[in-house]
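Fold and contact review
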Amino acid sequence: MKHVTELLQLFVAGELDGPRKHVVEEHLKKCSACRDEADQALRLWEDLGSVGPVLSNESVWPSVRARTFGAGSRQQQWFFGSGGLARGALAATALAAGLTLGILVPVNEGPDGDVYDPGSDSSWLLESSWLSESSWLGGDGAPGIDELLLGAGLQDEVDGS
Amino acid sequence: MSQAMDDDALMTRTAAGDEEAFRLLVQRWERDVLSFLIHMLGSVEEAEDLLQETFVQVFRKADAYRATGKFKSWLFRIAGNLARSRLRRRKILRWVPFNPVDHDIGSSQPGPDADLESSQRKDAVRASMDRLPQRQKEALVLNRFQGMSYQEAAEAMGTTVPGVESLIQRALAALRADLAGKGDLL
Ligand SMILES: [Zn+2]
């Protein structure tokens, strides 16, 4: 008798289509080992449903609004609102400033695989802990992240995020 | 504006600069996206950060969105890409060990009346999920927690339905094997 072990998780998740579902149902009628397996599979499936995170009721809207429609994001709108060329130039300037100061900023890929689009994931700027701890910066004498960002004219990226 | 207005209509309005439409979209989907990101990243703080980023991306890409009734897959594709990007960078920079103190989802403290065994089991399941390979976890979370069909999950992940099925199958098998080593917790 060929067991249906591999299909049981999908079976209890209700994801098997007609023919495969039929095969499993028929098999379970005559195989107690697979019935036990199915029992375990169902338990896992139910347990998974109970481990969702506890979410706060706070909406992200005010922050998102500030970065899209908000009047409080003047500098960012200027940044995002400028054309691709100007944005690229600004990014290049910022990168150059960073490199001059001896920092290696990791290349960040955006959702479309864009290379270094500061707008796509500005949060890389927030990783101040690893930056300031990093030995790349040469230890205690290294400038703080705030100074560096101010130097690169991107301080609002941090404050606004 | 009608609460029942569908996502495509809201996206069309958002692309035209309608703030109210965008607000409705954000508030309709933020909890689902946050839950997904927490599962992916294991950190509430990072998830909240990327949640904001996800919707900023939605806004900025609204022009490019095609109204074909697949907003949910499109939205989770953006969130998934951001999460993967973050995980990749985390891996490059340094290994960030799982720390239950920082992770609301991994630190359920049993209350006075809590069923300790059940709480332990949940923690074990969470910890096992955390150990899953990224793609397997993503497929499982989209399907089990976001209620996506395999088709929707495949679109969100840029793969095929059999691909998603295989990922979920392997994820569940790995969870079973992992949890089997934890005695009678499961
Ligand atoms: Zn059997």
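Summarised in this report is the structure supplied together with it.

About the criteria used
Residues numbered from 1 in each chain as written. Chains lettered and ligands numbered in written order. Predicted model: local features only at pLDDT ≥ 70, side-chain atom pairs only at ≥ 80, totals over all residues. Heavy atoms only, no water. Helix = DSSP H or I, 4+ residues; strand = E, 2+ residues; numbered from the N terminus. Buried < 20%, exposed > 50% of the residue type's maximum accessible area, 1.4 Å probe, protein only. Contact = heavy atoms within 4.5 Å. Phe/Tyr/Trp six-rings, centres within 6.5 Å; stacked < 30°, edge-to-face > 60°. Donors = N, O, S within 2.8 Å, 3.2 Å for Na, K, Ca; no water. Tetrahedral: all angles 85-135°; square planar, octahedral: opposite > 155°, others 65-115°. Axes fitted to C-alpha atoms, helices over the stretch in contact; angles between N-to-C directions. Parallel < 35°, antiparallel > 145°, perpendicular 65-115°, else oblique. Nonpolar A, V, L, I, M, F, W, Y, C, P; charged D, E, K, R; others polar. Salt bridge = Lys/Arg side-chain N within 4 Å of Asp/Glu carboxyl O.

**A few points about the overall build of chain B**
Assigned secondary structure in chain B consists of eight helices and zero strands. Across chain B, helices and strands are ordered from the amino to the carboxyl terminus as α-α-α-α-α-α-α-α. Per-residue burial for chain B yields a buried fraction of 51% across its 186 residues. At a minimum sequence separation of 6, the contacts of chain B that also span at least 24 residues come to 60%.

**A closer look at the packing of aromatic side chains**
The tally for this structure, following the rule as stated, stands at nine aromatic pairs over all chains. A centroid spacing of 6.1 Å and a plane angle of 45° characterise the contact between Phe69(A) and Phe22(B), whose relative ring orientation is tilted. On the criterion of chain membership, the pair formed by Phe69(A) in the loop between helix H4 (61-68) and helix H5 (74-81) and Phe22(B) in helix H2 (residues 19-41) is interchain, its members lying in two chains. We note that Phe69(A), like Phe22(B), is buried.

**Some points on the coordination of the zinc ion**
Residues and elements named next belong to chain A. Protein-derived ligands of the zinc ion are His 3 (ND1), His 27 (NE2), Cys 31 (SG) and Cys 34 (SG), with the metal-ligand distances lying across 2.0 to 2.3 Å. Viewed at the metal, the four donor atoms of the zinc ion are separated by angles of 99 to 121°, and the geometry they form is tetrahedral. In primary sequence terms, the donor set of the zinc ion follows H-x23-H-x3-C-x2-C. Taken individually, His 27 and Cys 34 each receive the classification buried, so the pair is uniform in this respect.

**Section: the packing of helix H1 (residues 5-12) of chain A against helix H2 (residues 18-30) of chain A**
All names here are of chain A. Two numbers describe how H1 lies on H2: the axes approach to 10 Å, and their chain directions differ by 110°. The angle between the axes of H1 and H2 places the two elements in the roughly perpendicular class. Every residue of H2 that contacts H1 at Leu 7, Leu 8 and Phe 11 is listed here: Arg 20, Lys 21, Val 24, Glu 25 and Leu 28. Within the contact of H1 with H2, the residues separate by chemical class into five nonpolar, no polar and three charged.

**Considerations on the pattern of salt bridges**
Residues and elements named next belong to chain B. By the definition in use, this model includes 17 salt bridges over all chains. Put simply, Lys 70 and Glu 155 hold a salt bridge, and the shortest N to O gap is 3.2 Å. One end of the pair, Lys 70, is in the loop between helix H3 (44-60) and helix H4 (71-93); the other, Glu 155, is in helix H7 (residues 150-157), with 85 residues separating them in the sequence. On the basis of relative accessible area, Lys 70 is assigned to the partly exposed category, the value being 41%. For the salt bridge of Asp 123 with Arg 126, the shortest nitrogen-to-oxygen distance reads 2.8 Å. Of the two residues, Asp 123 and Arg 126 both sit in helix H5 (residues 116-131), three residues apart, roughly one turn of that helix. The exposure class of Arg 126 is buried, given its relative accessible area of 11%.

**Remarks on the environment of Leu75(B)**
Residue and element names in this part refer to chain B. Among the secondary structure elements, Leu 75 is positioned in helix H4. Assessed through its relative accessible area of 0%, Leu 75 is described here as buried. Apart from residues no more than four positions distant in its own chain, Leu 75 is found in contact with Trp 29, Val 33, Thr 54, Phe 55 and Val 58.

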